[in-house]
Structure formats: C-alpha cells, structure tokens
Amino acid sequence: MPRRSAAVEDVGIEIDEDETDSDDGGNRRKANRRPAGGRGGGGRGRGRGKKAGSDEEEDDEDEAPKGRGRGGNRRKPGNKRGGGKNNGDDDDSEDESPKKKRGGAANRKKGGKAQDSDEDDSDDGKGKRGKKGGKKGGKEEESGKGKKGDAKGKDKGKDKDDDKKKKKKGDSSSDSNSNSDEEEESMSEGEMARLMEEVEEKKKLIATIRNKPWRMKRRLVLLKEAQQFVDKFEGALGKGKGRKWYAYKVMMTKKWIKFQRDFENFRTACIPWERKIKEVESHFGSSVASYFIFLRWMYGMNLVLFGLTFGLVVIPEVLMGLPYGSIPRKTVPRAEQDTAQDYSVLMDFNGYCKYSVLFYGYYDDKRTIGPLKFRLPLSYLLVGIGSFGYSLMLVIRTMAKNADVGGGDGEEGEFTFAWKMFTSWDYLIGNAETADNKYASITTSFKESIVDEQENQKDENIHLRRFLRVLANFLITCSLGGSGYLIYFVVKRSQEFANRNDLSWYEKNELEIIMSLLGLVCPPLFETIAELEDYHPRIALKWQLGRIFALFLGNLYTFLFALFDEVNSKLDEEQSIKNASIWAMKEYYANYSRLLNDSDATPPPMSPADVIRGPCWETAVGIEFVKLTVSDIQVTYLTILIGDFARAVIVRFLNYCWCWDLEAGFPSYGEFDISGNVLGLVFNQGMIWMGAFYAPGLVGINVLRLLSSMYYQCWAVMATNVPHERVFKASKSNNFYMGLLLLILFLSLLPVVYTIMTLPPSFDCGPFSGRAKMFDVIMETITLDLPAFMGTLFSYAANPGLIIPAVLLMVLAIYYLNSVSEAYQNSNMELKKKMQMARDEEKNRRNNKDSTNQVMKDLEDLLPNRSLSPPPEPEKPPEPEAKPTKTKPGSAGKGVNLQKDVALASSNPNVRGPVDRPPGPRGPGPGPGAGRGRGRGRGAPPS
Amino acid sequence: MGNKQTIFTDEQLDAYQDCTFFTRKEILRLHSRYHELAPHLVPMDYTNEPDCKLPLALIVDMPELKENPFRNRIVESFSEDGMGNLSFNEFVDMFSVLSEMAPRELKAIYAFKIYDYNVDNYLCKEDLEKTLNKLTKEELTPEEVELVCEKAIEEADLDGDNKLSYADFENMITRAPDFLSTFHIRI
C-alpha cells in the first residue's frame, strides 16, 4: 500500500488513495524530514497511542522522541545498509538501547519502509526542498536558542550546544562519528531539537495545508493532528526563561497570522464594486469589465484629487476666508442681482454659482487667511501643480506595473492549441446567453487557428490582407485629414463671424453642429472601414480607440482655440476696465483730498456689489469647463437612457406585434460600446485636469459623476445591453487606456502651465490678483517667509548655469537608463530563445532517448552527481538500496507510471544534477541521497 | 452570531479556514448554499459532522456551474467516489480550489483531473476530443477536431508518447497567461 502511494505521488495527482494509506503517507511525509524515516513513523504511532491512553504530558514529550530514536536504532542491526545514510540520527539514538520499549513490529515495517519513505521524501521534497533547506537553517537556529534556555535548566551546558552543532551536521548528511563520545548526555537534547523541528514542520504544514491536493477530510484530520501535536509539544520545548520567551513568540505569531488574515479580509472588503464588476464580467466578458475597472481606477484617482483640492483650498476658504458679500469678488454685481437666482442662470453657472467657492474668482488674494494664517494663494497654486504631479505619477506608475505584469508571460504561439483547449473556457460565466456566445467565440477562434495553421504557408492571402489593411489605413487617414481640415476651416470662419453681427442661426452654431456631426458620423465610418482589416476584435478595439482619439483631438483643439480667443479678448477688456477703474479711483481720491483737504483718504463708500470689475477670465474659463463637463454628463446619461434603454424597451415589447423579429433582426439590443465609453471617460478626465485649476469645484462634480456613472452604467449594461457577438478577453494590461490617459494628461497640462507661466492674472479676482504672474506667489513666499539664505539659495538654483547642467544630467540619466533597459530586453530575448532551444532539445532527446540503452542512461545519470559529491562513501550505499525498492513499485502494477517518470527524470541529467543540489553538503541527509536514488531507481524498471 | 454557533463550532470554522482559501463568512455562505440545494437532506447543524452527500444532479444545477461544459467532470473529480456525490467537505474543497486565491499548482492538478475523462492519469486523444467537443458544442468537423487534438498534443507533449502526462500538462498550463483568470469560480 504505502509503496503504491509513493509511486503515485510521484505523479502528484493521485488523491484517491484510501484513508489509511494516505494517512500513513502523510505521517511518513512529516516524519521523513528527518533522516530516519522509520523513526518518525515509530514516534508518531507511539505519540498517538499515548494520546489515546491519555498519559502525562511530560512523559509524552520525553518519550515520544526517544521512541523514535530507538526505532532508528533497532533498524540498524537489522538493516546495515541504511547505516551509512542514516548515520546522522543513529548516533543520536545509539545510547538509547537500554531504554528500548518499542516493539519490533514497527521496526520491521520500517526496514521495509525506510527507503520507501526516503523516496517519498524526495518526491514531496521536490517542490519543497529548496524552501526547507533555507528554512531549516533558520529553524535550527531558533531551536538552538530554545535549547540554550534548556541547557541552563538542566545544567548540561556545553554538551548540548556541541550536540546541537553535531546534530546539524548529522542532518546535513555528513558523517558524525566524531560525536559519539558526547552522545550519552546529549540524547534528550538532540531529541529536543528534533522535536522542535518537527513542531516547526507541523506548523509549516498547518500554514500550507490548504495548498495540498488532498481530500478535505484528510486535510481536516491531518490539520487536527498537527495542531494537537503542536499544542502539546510546543510549550514544552523551552524551559525556564527560554520557555516563556518561546511561548510568547508562539502566541505572537498566532496573533500575527490572525491579524494578517483579518487585514486581508478587510482589504478585500474595501475595494468597492468588486461584486458588481464581477457580475458584469460574468455576463459580458472581461473586455466590458475592463471598462468598469478603468472607471473604478479613475474614481480612486479623482478621490485623491478631490481630497487635495477640497482639503487644502476649498474648505479653508469656506471656513476661514471672508464670508459672501464682504468684498466685491465675493458679491454678485448689482446688474446681475435680479436674475442671479433664476434657474436658467444657475444652470449656466452664472449668478450665485459664478460668485461661489466653486470658481477661481471667489478666492481672496490676501497672503494669509484666518487665525491659522493659512497661506491660501500659495496653497492654491501648489495644489494646482500637485494634482498634475500626482496624476502623472500615478498614471506612469500604473503603466509600469501593468507592463511588468504583461511582460511576465510572453511566448505567444508556443501552445496555441493546448492553451485554447484548456484555458479558453471562462469558469466565471454563469449566464446562458454569455455561455452561448462563449461557445461561439471559442469555436470561431479554433476555426481561425485551424485556418491559420493550414494556410500558414500560403502567401496570397497575406498579401491581400496586407493590401486591405494598408487600404483601410489610407482611407482612415484621408477621412481624418478631411475632418481635420474641416474643423480648421470652420474655426477660421467662426473667427470671421465673430466680428459680424448679422448672423443666421446656422452661422452662429456652425462650429458645434459640424463638430457633433463629425462625432456622430466618423466612429461608425471607421468601424466599417476597419472591417476590411479583419483584425482580432481586441486589436481592432485598439485601432478604433486610437482613430477616434485622433478625431476627438480635433474637438479638443477647436475648444481650446475658441477658449484662448475668448481669454485674449477678455484680457483686452480687462486692461481697459482696469485702467478705467484706476482712473476713477485716482479721480475720487483727488476730489476727496481737494474737497476735504484731507490727505489720508478713506475708500469710497460703495457697496461691494457696485464696484466696477473686470471680466475675470479665469472664472470664465472655469465656467466653460464646468458647463462642458455637465453637458457631457447629461449627454452620456441621456444617450444611455434613449439609445440603450428606450431601444431595449421598444425591442422587447414591440416584438409581440411587429412584422419581423425585432430582437434578432434590425434594431436588436445595443452592445456595450467600449471604445466610446473609454474615450468619453478619458476626455472627460482631460477636461477635469484642465478645468480644475480655474474651478476647484469641478473635481467634486467629477467625483459625483464617476460615482453615479458606476451604478448607472452597471445597471444599464445589465438591463439593456447584450454581450458582444464575439466575447473577447481584454488584454491583461490595459496599458492602452493608460497611454491615452497619459497623452491627454500631457495635452491638458500644456495650456494650464502656459497660463500659469505667461498670462497675467485678473487684477480684481482670484487668489493671485494684483500680481504680475501667478507664480509670483512662490517668489513672495521665498522672500518673505523663508529665511534669507534660502532666497539666495533659490536664486542660485534658478541660475541658468546650474539649470543647464542639471538638464544635461537628466538627459544623460535618461539615455543611460534607456540603454540599460534595452540591454535587459536583449538579454531577455536571448534567454527566451535559449529556453526555447533547450525545450526543443529536450523534446528531441526525449523522443530519441526512450529507445537508447538504459545502462547508458544510468551511467549518465551517475556521472554529474558523483563528480559533485565530495565524500563518496556515505553517498554510495543508497544506490543499490534504492534500486530494489524502486523496482517494487514498478512491479506493483504502476509500471506505466514509472516508466513515464524514467523518461522525465533521466532526460537531462546534466542540467538536473547541478541544479538539484548545488554546493555539496546542503540540506538534510536524505535529500541528495534520495534524489539520486530516485533518478537511478527510476532507471531500473524499464530495462 | 448565535446563528453561526449552531452550524459550526468555532474550531470547525477555524479548521476550515486553515484548510481552504475561504474566510469564515464565506464558509458559512457555502454551507447555506449547500443547504439550499437540498434543504430536507442537509442538516443545519454541522457540529457533529453528519454524514450526508448530495448527488451530482443537484450540484450541477447551481447557477455557478450550470453553464459550464465541464460541470459533470468538475463535480466528479472532487467527489471521493468518483461518481459525483459530494459531501459538504468535498463541496467546500471544490470551491476552495476554484477560488481566486488558490495557487496555480493546486489548480493545475485539479484541472488535469477534470480534463482526464477516463481517469487514467493521462490526457490522451479521446480526452482531448471530448474536451474540445464540449467546448465547441460539437460544431467542428471530425477532421478539424482531429487536427486540433493532434496539434495540442504535439505542442505540449514532451516525451513523445502521444498523450499528455501531468508533467506535460503542468509545463503547458503554468505558462498559460489566462489559466489563473479563467479557472476560477466565484461563489
């Protein structure tokens, strides 16, 4: 039985062995970490028996290990062969003979099983050995600590430490005869260490039991045993001071694990909409879900921007700034007051809205506000720049992370069919419609691959396709260029129109009409042309996104163009108003001092509502952006409501009384428009970035929008849309979306930075009024608030003599990093190629090997190992020993299995040897021995 | 809180948490799902580990599995008797392996079992054909099926025995980019 299980576990998937068998295997497994497999078995059996008999704990902990030791001892005379290998423990237990209690039965069993268990160890150590090797060292040190404490308690002092060292040696399979003199004293010590190790093993088992491919029942049983074992022996291991410390440590680890578990639960609970998105994903595939994940990501980023803006700008102004109506910029002008509360005015963000905290103009230009001396203008500027900085950083970081993920598993085309067969079904799908679509898409993809495979050699098709693709791109470039020119033309014309007054309705709205027409016509046109290209829908989506993006850039361009025109005219107007108001003031003061003969003039007694003021272009720009955002929200939501919902309702209910099948025929239900939605989101974000500086409230509006959009679109997509005809998987890294976002970020960064750096701020509104440039705030802070030397420092830093070298340095750094990354990429490619070659070679060799002489193979197997192992004596014995045991499994009806393993294990000895066991005396004794035994043993049966 | 105590003891819940990738809440949820499948068969009180199994037909009807072409194989692979009768332990086991947190190695083992229709520890051509037909609802012609299966074996077979052993399968599946994302079920 055990043999069978061992053989079976080689393959690693047999989990159906009956309970006792597997139990046995498990025990052995655990026990086998120690050189003497038999011991472990004995100890265990005994330990369990004791538990049943409910002996005293102390007794137990002392005796269980001893029993084990004895087991090993007994075997020795009976089974000399094992001696070499198991020296390490035998010497520990040699002195125990007088106290032998263990019956022979276990030993006999062990004799048979010793190698078996070794083999078992090697099997199950396959995966774990590396870990174990590393961990064991640490563990042993730990146990060493515990032992020291022990030593004090028992007055055995030095001996133990020595013994401990020796034990380690023993474990690492070196001969440890030299220690024989100390053995009498150290017995319990060594056992203690071993026990400790075993406890650690159990703990490891508890931690990893969920990763084991065992039946749940068996897992539960093993877990319980392991826990009992740990509970029983754990506390007993340290004595005195060490014991307390140990117990404390154990408790803390437990607590820490618990905390980690709770924290993990908490963290996953904190990610919002996970469930919603999964639901969408299960119905519509991951491509649609990728949009929602992108939306969620945007929401997260905007929340941070919102926190920055509101926490550092808006709320301080509301709490500490002057209240509404105190100064002109915070008051609605007299002329507008009658209509300031009208709904239509408010909807245009004029009236009270315009003179509220939402917009730039409302903010006070005093250097500090409130009792806290909050430097509002400075904070305003820094938050404006900081939002850009944060967004840039976040986008780039996310891109880098995604690229990392994407780069991990390349190697396309190696397992096309196998992958398609085993991984194309998405187990998440729980909806009949989606399942049908998935079946269809899998079938198509198989057919595609078959066609690809069959027609890989034929060239004409490829040429045709290439030609079609070139043609499609040509057509699209043409239409893009055409629409670009159209936009340019219309903008020019509108500038002409701006100077005239006799305009018809069409001429007034020409720009908007053309723009929306283009937006309406072009995307479907592109889609139609893209059919020519016949790309995979995932790639087609990218192309489509890129093309529509280019089109929308025209949109953006016209918008900015119009805006700058407006700003320029406002600036002119402002200049004249500024002059006029200064003139008026001067006149007033002149009159005042002339009439009253009083030189210290008081300001004119005017209500703040009556003061003449400039147009405040910043607020105008802000209003423009807010309007645009709001209208965008309205349009999006209405489109969903009409285009999707109404359509779905009509199709669904009119279908009962219609002459053709509406659901399957023409209107049908809408599909979720991924490219449109993603681009909408990206452009909207661009508007936010551009507008946030002039309208801090915009960020808040955007957060609300994203939040509602999440729920609304989730609902809409579930209620009204049907899955795509070809459900396709989103690319793992949605770096394409991120790339678009980054581009938009740069584009929106430019105008804002331009205005901050060059345009003069309005003279009577906003936090920077009265300064020549917006960034003067920083200069002001440097000169007034920081110590003088800082000012000089900054002036040095701003010296071109320093800046130019700095820029040069950065360029150099970029160049260097770039070339380094290129080199890495190259070596990466090389490695991949090498892996591919190795794989091919391996394949070939395996194909050929099976027929070649087994003896040759065995010899080959032996060579590298022998050359590596420095002490040949202890290594050799296992060889002959291994063979017989190994042959048995072969004869036990699992021959096929083993033969298979032969092929696998022996295929590439040159590679395996060195990798398997690097520097000589590593790991525990059985490790290398068993490994070798295995390789060779496997060689035997086929011959 | 009181409700929890009546279904499982705390030790049981902890043990399940140690043995699976689920949290306490999810285990209770799983139990309620299991209970829903056959309210008259499954007791609410699991503290004394009652012995009760649900037949394949009931489990396969869960919405999570209903659309899956391999549902029968999944349930069979996780049942101890190989016939698809699942006890609660095996039920939990199944969803634990299929959960998002399970490591690739573990998933690969069970995937191999699932695709191994004739339970001989090899994926031979017949297994692949069955898999393929399930995947495509038998829409491919026999020649195409033949071709695809041959190609798949050719790609993944390392030792040239014209069938996939677990080693071959693992080697192939661990490199598959989509395996982890597709081989899981949320419950």
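Since the model is a prediction, treat every value here as computed from it, not as a measurement.

This part takes up the overall build of chain B. Within chain B, the secondary structure is distributed over twelve helices and two strands. Reading chain B from its N end, one meets helices and strands in the order α-α-α-β-α-α-α-β-α-α-α-α-α-α. Within the span of chain B, comprising 187 residues, buried residues form 59% of the whole. Restricting the contact set of chain B to residue pairs at least 6 apart, pairs at least 24 apart contribute 55%. Accessible surface for chain B amounts to roughly 7300 Å². Of this, 50% is attributable to carbon and sulfur atoms.

Taking a probe equal in size to a water molecule and rolling it over the atoms shows the remaining empty space. All names here are of chain A. Overall, the coordinates contain 16 cavities of 30 Å³ or more when judged by the stated rule. By volume, the largest cavity is sized at about 170 Å³. What lines the largest cavity is a set of 14 residues, and nearest its centre among them are Val383, Gly384, Ser387, Ala692 and Phe693. Within the residue set of the lining of the largest cavity, elements represented by two or more residues are α11 (274-320), α13 (376-408) and α20 (674-692). Here the lining of the largest cavity gets five residues from one element, more than from any other, and that element is α13. The class makeup of the residues in the lining of the largest cavity is eleven nonpolar, three polar and no charged.

A few words on the UniProt feature "domain: EF-hand" (unreviewed entry) in chain B. As annotated in UniProt, the feature "domain: EF-hand" (unreviewed entry) corresponds to residues 144-179 of chain B in the numbering used here. The span residues 144-179 of chain B carries 61% helix and 0% strand; its end-to-end C-alpha distance comes to 24 Å.

Let's shift gears to the state of the cysteines. All names here are of chain A. Taken as a whole, this structure holds one disulfide over all chains when the rule is applied. Put simply, Cys616 and Cys765 are joined by a disulfide, and their sulfur atoms are 1.8 Å apart. The disulfide joining Cys616 to Cys765 has a torsion of about 95 degrees about its S-S bond and is therefore right-handed. With a gap of 149 residues between them, Cys616 in the loop between α18 (537-596) and α19 (617-654) and Cys765 in the loop between α22 (735-757) and α23 (776-784) connect regions that are remote in the sequence. Using a relative accessible area of 5% as the deciding quantity, one classes Cys765 as buried.

Okay, the packing of α19 of chain A against helix α21 (residues 697-720) of chain A next. All names here are of chain A. Relative orientation of the contacting elements α19 and α21 amounts to 10 degrees, with a least axis distance of 11 Å. Relative to α21, α19 is oriented roughly parallel. In this structure, α19 contributes Phe625, Val626, Thr629, Asp632, Ile633, Thr636, Tyr637, Ile640, Leu641, Asp644, Phe645 and Ala648 to the contact, and α21 contributes Leu698, Ile701, Arg705, Ser708, Ser709, Tyr712, Gln713, Trp715, Ala716 and Thr720. Partitioning the contact of α19 with α21 into residue classes produces 13 nonpolar, six polar and three charged.

Here we take up the interface of chain A and chain B. With 69 residues of chain A at the contact, the number on the chain B side is 82 residues. Carbon and sulfur atoms supply 60% of the area that chain A and chain B bury against each other, a total of about 6600 Å² over both sides. Linking chain A with chain B are zero salt bridges, by the criterion used here. The tally of links from chain A across to chain B stands at eight residue pairs in polar contact (both at pLDDT 80 or more). Elements that contribute at least two residues to the side of chain A that touches chain B include exactly α9 (216-237), α10 (240-270), α11, α14 (416-423), α15 (432-454), α25 (800-849) and α28 (878-906) of chain A. Element by element, the count of residues in the side of chain A that touches chain B is highest for α15 of chain A, at eleven residues. Of the residues contributing to the side of chain A that touches chain B, the split by class is 29 nonpolar, 13 polar and 27 charged.

The subject of this paragraph is the nonpolar core. Among the nonpolar cores identified, the biggest contains 104 residues, and Phe292, Phe294 and Phe693 of chain A are the most heavily contacted of them. When residues in this core are grouped by element, the largest group, 16 residues, is from α11 of chain A. Membership of the second largest hydrophobic core comes to 96 residues, among which are Leu220 and Phe229 of chain A together with Tyr34 and Leu98 of chain B.

What follows concerns α14 of chain A. For α14 of chain A, the tally of buried residues reaches six of eight residues, placing the bulk of the element in the interior. Where α14 of chain A is concerned, the buried positions are Phe417, Ala418, Trp419, Met421, Phe422 and Thr423 of chain A.

Residues and elements named next belong to chain A. Relative to the assigned elements, Ser391 resides in helix α13. Looking at Ser391, its side chain comes within polar contact range of the main-chain oxygen of Ser387, at 2.6 Å. Here Ser391 is in contact with Met301, Leu305, Trp689 and Leu745, once residues within four sequence places are set aside.

We now examine helix α7 (residues 88-97) of chain B. Where burial is concerned, most of α7 of chain B is hidden: ten out of the ten residues are buried. Looking only at α7 of chain B, the buried set comprises Phe88, Asn89, Glu90, Phe91, Val92, Asp93, Met94, Phe95, Ser96 and Val97 of chain B.

Take the confidence of the model for chain A next. Per-residue confidence for chain A averages 69 on the pLDDT scale, and 63% of its residues sit at or above 70. Note that pLDDT drops below 50 for residues 862-943 of chain A; the model gives that stretch 127 contacts with residues more than four away or on any other chain.

A few words now on a negative patch on the surface. Residues and elements named next belong to chain A. On the surface, a cluster of negative charge is made up of Glu527, Glu531, Glu671 and Asp673. Note on placement: Glu671 falls in strand β1 (residues 670-671). Classification of Glu671 by relative accessible area gives partly exposed; the value is 37%.

This next bit is on the packing of aromatic side chains. Considering all chains together, one arrives at 51 aromatic pairs over all chains under this definition. When the centroid spacing of 5.2 Å and the interplanar angle of 20 degrees are considered together, the rings of Phe179 of chain B and Phe183 of chain B count as stacked. Judged by its relative accessible area of 0%, Phe179 of chain B falls in the buried class. Clustering of aromatic rings is evident, with ring pairs tying together Phe422 and Tyr427 of chain A together with Phe70, Phe112, Tyr115, Tyr166, Phe169, Phe179 and Phe183 of chain B.

Glancing now at the environment of Thr720 of chain A. Residue and element names in this part refer to chain A. Looking at the element boundaries, Thr720 is found in helix α21. Owing to a relative accessible area of 2%, Thr720 belongs among the buried residues under this scheme. Note: C-alpha distance between Thr720 and Ala648 (72 residues apart in sequence) is 5.5 Å. Dropping the residues within four chain positions of it, Thr720 is found in contact with Asp644, Phe645, Ala648, Tyr669 and Gly670. In terms of polar contacts, Thr720 uses its side chain to reach the backbone carbonyl oxygen of Ala716, at 2.7 Å. A distance of 3.2 Å separates the side chain of Thr720 from the side chain of Asn721, its partner in a polar contact.

Analysis parameters
- Residues numbered from 1 in each chain as written.
- Chains lettered and ligands numbered in written order.
- Predicted model: local features only at pLDDT ≥ 70, side-chain atom pairs only at ≥ 80, totals over all residues.
- Heavy atoms only, no water.
- Helix = DSSP H or I, 4+ residues; strand = E, 2+ residues; numbered from the N terminus.
- Buried < 20%, exposed > 50% of the residue type's maximum accessible area, 1.4 Å probe, protein only.
- Contact = heavy atoms within 4.5 Å.
- Areas by Shrake-Rupley, 256 points an atom, 1.4 Å probe, with all protein chains shown as cover.
- 1 Å grid on protein atoms, 1.4 Å probe; cavity = no way out; pocket = protein on both sides within 12 Å on 5 of 7 lines; lining within 4 Å.
- Points joined across faces, edges and corners; volume = space filled by probe spheres on them.
- Nonpolar A, V, L, I, M, F, W, Y, C, P; charged D, E, K, R; others polar.
- UniProt positions renumbered as here; feature names shortened; annotations may be inferred.
- Disulfide = S-S within 2.5 Å.
- Axes fitted to C-alpha atoms, helices over the stretch in contact; angles between N-to-C directions.
- Parallel < 35°, antiparallel > 145°, perpendicular 65-115°, else oblique.
- Buried area = accessible area lost by both parts, 1.4 Å probe.
- Salt bridge = Lys/Arg side-chain N within 4 Å of Asp/Glu carboxyl O.
- Polar contact = N/O pair within 3.5 Å; in protein donor to acceptor, adjacent residues only side chain to side chain.
- Core = buried A, V, L, I, M, F, W, Y, C linked by side-chain atoms within 4.5 Å.
- pLDDT = per-residue confidence, 0-100.
- Patch = residues over 30% accessible without salt bridge, like charges linked within 9 Å, V, L, I, M, F, W, Y side chains within 5 Å.
- Lys, Arg positive; Asp, Glu negative; His and termini not counted.
- Charge placed at Lys NZ, Arg CZ, Asp CG, Glu CD.
- Phe/Tyr/Trp six-rings, centres within 6.5 Å; stacked < 30°, edge-to-face > 60°.

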